[in-house]
Amino acid sequence: MTAIVEILSALFLLMGVFLFLVSAFGIIRLPDVYTRNHAASKSSTLGIMFILIGTLLYFYYKHSHFDFRVVLAIIFIFMTSPVAGHLIMRSAYHTGVKMWDRSVQDELKKTR
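This report concerns the structure included in the present document. (Residues numbered from 1 in each chain as written. Predicted model: local features only at pLDDT ≥ 70, side-chain atom pairs only at ≥ 80, totals over all residues. Heavy atoms only, no water.)

**Some words on the packing of helix α1 (residues 2-29) against helix α2 (residues 33-63)**
Line of reasoning, step 1. At a minimum axis separation of 8 Å, α1 and α2 run at an interaxial angle of 165°. Classified by the angle between their axes, α1 and α2 sit roughly antiparallel to one another. Crossing of α1 over α2 shows left-handed handedness.
Line of reasoning, step 2. Its residues assigned to classes, the contact of α1 with α2 shows 20 nonpolar, 10 polar and three charged. (Axes fitted to C-alpha atoms, helices over the stretch in contact; angles between N-to-C directions. Helix = DSSP H or I, 4+ residues; strand = E, 2+ residues; numbered from the N terminus. Parallel < 35°, antiparallel > 145°, perpendicular 65-115°, else oblique. Left-handed = near helix turned anticlockwise from the far one by under 90°. Nonpolar A, V, L, I, M, F, W, Y, C, P; charged D, E, K, R; others polar.)

Structure representation (structure tokens):
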């Protein structure tokens, strides 16, 4: 059972690292602040959640230590990171940061 849990926690850690890598490539390669912020907030949120879940599983099954602070961190990051990314994008829009010239739709233009 211990080997299965170690493999499962390693898979969670690898998925988290992969999502951080996707986030880094998105920040580098995407054209404007809105798409970069989207890549940074969404994939890094999932990446840190996978890493924390893998850590929680490993220490619970390997050392019989359940840390409720890790669960609280997962909940806190899940609730705050997407909201913060959304607010950063809205503040960038309202301060006049231009969208990419090939953007098709501006949904906030109606509310401005």
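**Regarding the environment of Met89**
Line of reasoning, step 1. For Met89, the location among the structural elements is in helix α3 (residues 68-94).
Line of reasoning, step 2. For the pair formed by Met89 and His38, sequence separation is 51 residues and the distance between their alpha carbons is 8.3 Å.
Line of reasoning, step 3. Ignoring sequence-local partners within four residues, the contact set of Met89 consists of Tyr34, Asn37 and His38. (Contact = heavy atoms within 4.5 Å.)

**Side note on the pattern of salt bridges**
Line of reasoning, step 1. Scanning all chains against the criterion turns up two salt bridges.
Line of reasoning, step 2. With its nearest N and O atoms 2.8 Å apart, the salt bridge here joins Glu6 to Lys62. Here Lys62 lies in helix α2 and Glu6 lies in helix α1, a separation of 56 residues in the sequence.
Line of reasoning, step 3. Salt-bridge contacts for Asp67 lead to Arg69; the nearest nitrogen and oxygen are separated by 3.1 Å.
Line of reasoning, step 4. Residue classification places Arg69 among the exposed residues on the basis of a relative accessible area of 62%. (Salt bridge = Lys/Arg side-chain N within 4 Å of Asp/Glu carboxyl O. Buried < 20%, exposed > 50% of the residue type's maximum accessible area, 1.4 Å probe, protein only.)

**Examining the packing of α2 against α3**
Line of reasoning, step 1. Two numbers describe how α2 lies on α3: the axes approach to 10 Å, and their chain directions differ by 180°. Of the possible angle classes, the one that applies to α2 and α3 is roughly antiparallel.
Line of reasoning, step 2. Each residue belonging to the contact of α2 with α3 can be placed in one class, and the counts come to 18 nonpolar, six polar and one charged.

Scope: geometric values only; no functional claims are made or implied.
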